[in-house]
Amino acid sequence: LERFSAPTRAWFEGAFEGPTAAQEGAWTAIAAGQDALVVAPTGSGKTLSAFLWSLDRLASSPAPQDKARRCRVLYVSPLKALAVDVERNLRGPLAGIRQAAQRLGMPEPDIRVAMRSGDTPPQERRAFTRTPPDILITTPESLFLLLTSAAREVLRGVDTVIVDEVHAVAATKRGAHLALSLERLDALLDQPAQRIGLSATVRPLEEVARFLGGSREVTVVQPPTAKTIEVSVQVPLEDLGELGDQERQSIWPAVEERVVGLVEAHRSTIVFTNSRRTAERLTSRLNEI
């Protein structure tokens, strides 16, 4: 955390017990100016591992005088819903850093975040060009449209590109399309933007890293993680011969009762079935029970 400014450090120390292994590895690579692929399980702080360095830099340095170069961080998500979540989740760190700066008697940062997708209203698109944000959250398709319109001038100041859920696009046509857009973005800039990729599960690592970096070398951050998996085989009836009774011709009542028992004994439960019809029937029976 000594890499960060006092307000960012104060907020982080007040919000978390300490950095995760993924965050430590990512910050080391990012601070060195390297392109990085961060591979870590859900809940390991991957998003913050990519964003915190940029947030700190934006908070501790004045915005460029040229408004066309104000947008310095570009976040690309293949999922529109994830982009919305990230935009919402950034409010906490931004407010926390601002409040920490106020407590420390330092200038309060003014970091603007905007989102651009197919659902963005026309007035917000026009406002994006007039008053560019510091951080733009978008999707691969919207990035392509930006780069092929006059609005691309607003991206000339981008120095960091964060690509989330890399595994979801790396082997697809959308991924090829995004790779082309990232190269077109670099061609627009004075110097190539630093690329940071995030993924929970990805294989093979080398191929995905090459997809992210193109012709550039990418540092892979993949801290070891121990998975805790407990497996048990559940038999709802001790004696399956009971199914021979006239009153109990199906095993389903026993299965349904057992599922209800497991649901009540745990905080979260996911039940997989072989078909939608079975899922609907089981849902109905669980509600009845």
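Keep in mind it's a predicted model, so treat the numbers as computed, not measured.

A.B. asks: How would you explain the overall build of the protein if you had to name every residue and give the values?
C.D. replies: A tally of regular secondary structure across the protein gives 11 helices and seven strands. Compactness check: the protein gives a C-alpha radius of gyration of 24 Å against a globular reference of 19 Å for 289 residues, more than 25% above the reference. Along the three orthogonal principal directions, the C-alpha set of the protein runs to about 85 × 45 × 40 Å. Counting the 289 residues in the protein, one finds 39% classified as buried. Within the protein, residue pairs in contact and separated by at least 24 positions form 68% of the contacts whose partners lie at least 6 positions apart. Carbon and sulfur atoms make up 51% of the accessible area of the protein, which totals about 16600 Å². Averaging the positions of the 35 positive and the 36 negative side-chain charges in the protein gives two centres separated by 9 Å.

A.B. asks: With reference to specific residues and values, describe the side chain of Arg 72.
C.D. replies: By the element assignment, Arg 72 lies in the loop between helix H3 (46-60) and strand S2 (73-76). Beyond its immediate chain neighbours, meaning those up to four positions away, Arg 72 contacts Leu 58, Ser 61, Pro 62, Ala 63, Pro 64, Asp 134, Gly 157, Val 158, Asp 159 and Thr 160.

A.B. asks: How would you explain the packing of helix H7 (residues 140-147) against helix H8 (residues 173-188) if you had to name every residue and give the values?
C.D. replies: Where H7 contacts H8, the axes come no closer than 10 Å and their chain directions differ by 35°. Classified by chirality, the crossing of H8 by H7 is left-handed. Here Pro 140, Glu 141, Leu 143, Phe 144 and Leu 147 of H7 lie close against H8, whose contacting residues are Arg 174, His 177, Leu 178, Ser 181, Leu 182, Arg 184, Leu 185 and Leu 188. The residue inventory of the contact of H7 with H8, partitioned by class, reads eight nonpolar, two polar and three charged.

A.B. asks: Quick rundown of the sheet that holds strand S3 (residues 113-116)? Include the residues and the values.
C.D. replies: The sheet built from seven strands is open, its strands ordered S3-S4-S2-S5-S6-S1-S7 with parallel pairing. What marks the edges here is a single partner per strand, and that holds for S3 and strand S7 (218-221). Ignoring which end each strand starts from, the neighbouring axes of this sheet average 15° apart. As judged from the four bridges shared by S2 and strand S5 (residues 160-163), these two strands associate in the parallel manner. For Val 73, the partnering residue across the bridge sits in S5 and is Thr 160. Against the sheet, helix H4 (residues 80-89) engages S2, S3 and strand S4 (135-138), with an angle of about 170° to S3.

A.B. asks: How would you explain the confidence of the model for the protein if you had to name every residue and give the values?
C.D. replies: Overall, the predicted model of the protein reaches an average pLDDT of 89, with 97% of residues at or above 70. Looking over the protein, one finds the lowest element-wise mean pLDDT in H4, namely 83, and the highest in S5, namely 96.

A.B. asks: Tell me what's going on with the nonpolar core, and back it up with residues and numbers.
C.D. replies: Across soluble globular proteins, nonpolar side chains show a tendency to be buried alongside one another. By size, the foremost hydrophobic cluster in this structure holds 34 residues, and its most contacted members are Phe 51, Leu 90, Ile 135 and Ile 162. At eight residues, the largest contribution of residues to this core is made by H3. Other than its neighbours up to four places away in sequence, Ile 135 contacts Phe 51, Leu 55, Leu 58, Val 73, Leu 90, Ile 111, Arg 112, Val 113 and Ala 114. By size, the runner-up hydrophobic cluster in this structure holds 31 residues, among which are Ala 151, Val 154, Leu 188 and Phe 211.

A.B. asks: Outline the side chain of Arg 70, listing residues and values.
C.D. replies: With respect to the helices and strands, Arg 70 occurs in the loop between H3 and S2. Taking the relative accessible area as the measure of exposure, Arg 70 reaches 12% and is therefore buried. Here the side chain of Arg 70 touches Asp 134 through a polar contact of 3.0 Å, side chain to side chain. Leaving out residues up to four positions away in the same chain, Arg 70 has contacts with Ala 63, Pro 64, Asp 110, Arg 112, Pro 132, Pro 133 and Asp 134.

A.B. asks: Can you tell me about the layout of surface pockets, naming the residues and giving the values?
C.D. replies: Of the voids in this model, the largest pocket is the one considered here, and its volume is about 560 Å³. Lining the largest pocket we find 19 residues, and of these Gln 234, Val 259, Leu 262, Ile 270 and Val 271 sit closest to its centre. Broken down by secondary-structure element, the contributors of at least two residues to the lining of the largest pocket are helix H10 (252-265) and helix H11 (276-288). With six residues, the single largest contributor to the lining of the largest pocket is H10. Of the residues that constitute the lining of the largest pocket, the class distribution is 10 nonpolar, eight polar and one charged.

The rules behind these values
Residues numbered from 1 in each chain as written. Predicted model: local features only at pLDDT ≥ 70, side-chain atom pairs only at ≥ 80, totals over all residues. Heavy atoms only, no water. Helix = DSSP H or I, 4+ residues; strand = E, 2+ residues; numbered from the N terminus. Rg over C-alpha atoms; globule rule 2.2 N^0.38 Å. Buried < 20%, exposed > 50% of the residue type's maximum accessible area, 1.4 Å probe, protein only. Contact = heavy atoms within 4.5 Å. Areas by Shrake-Rupley, 256 points an atom, 1.4 Å probe, with all protein chains shown as cover. Lys, Arg positive; Asp, Glu negative; His and termini not counted. Charge placed at Lys NZ, Arg CZ, Asp CG, Glu CD. Axes fitted to C-alpha atoms, helices over the stretch in contact; angles between N-to-C directions. Left-handed = near helix turned anticlockwise from the far one by under 90°. Nonpolar A, V, L, I, M, F, W, Y, C, P; charged D, E, K, R; others polar. Pairing = 2+ DSSP bridges. pLDDT = per-residue confidence, 0-100. Core = buried A, V, L, I, M, F, W, Y, C linked by side-chain atoms within 4.5 Å. Polar contact = N/O pair within 3.5 Å; in protein donor to acceptor, adjacent residues only side chain to side chain. 1 Å grid on protein atoms, 1.4 Å probe; cavity = no way out; pocket = protein on both sides within 12 Å on 5 of 7 lines; lining within 4 Å. Points joined across faces, edges and corners; volume = space filled by probe spheres on them.

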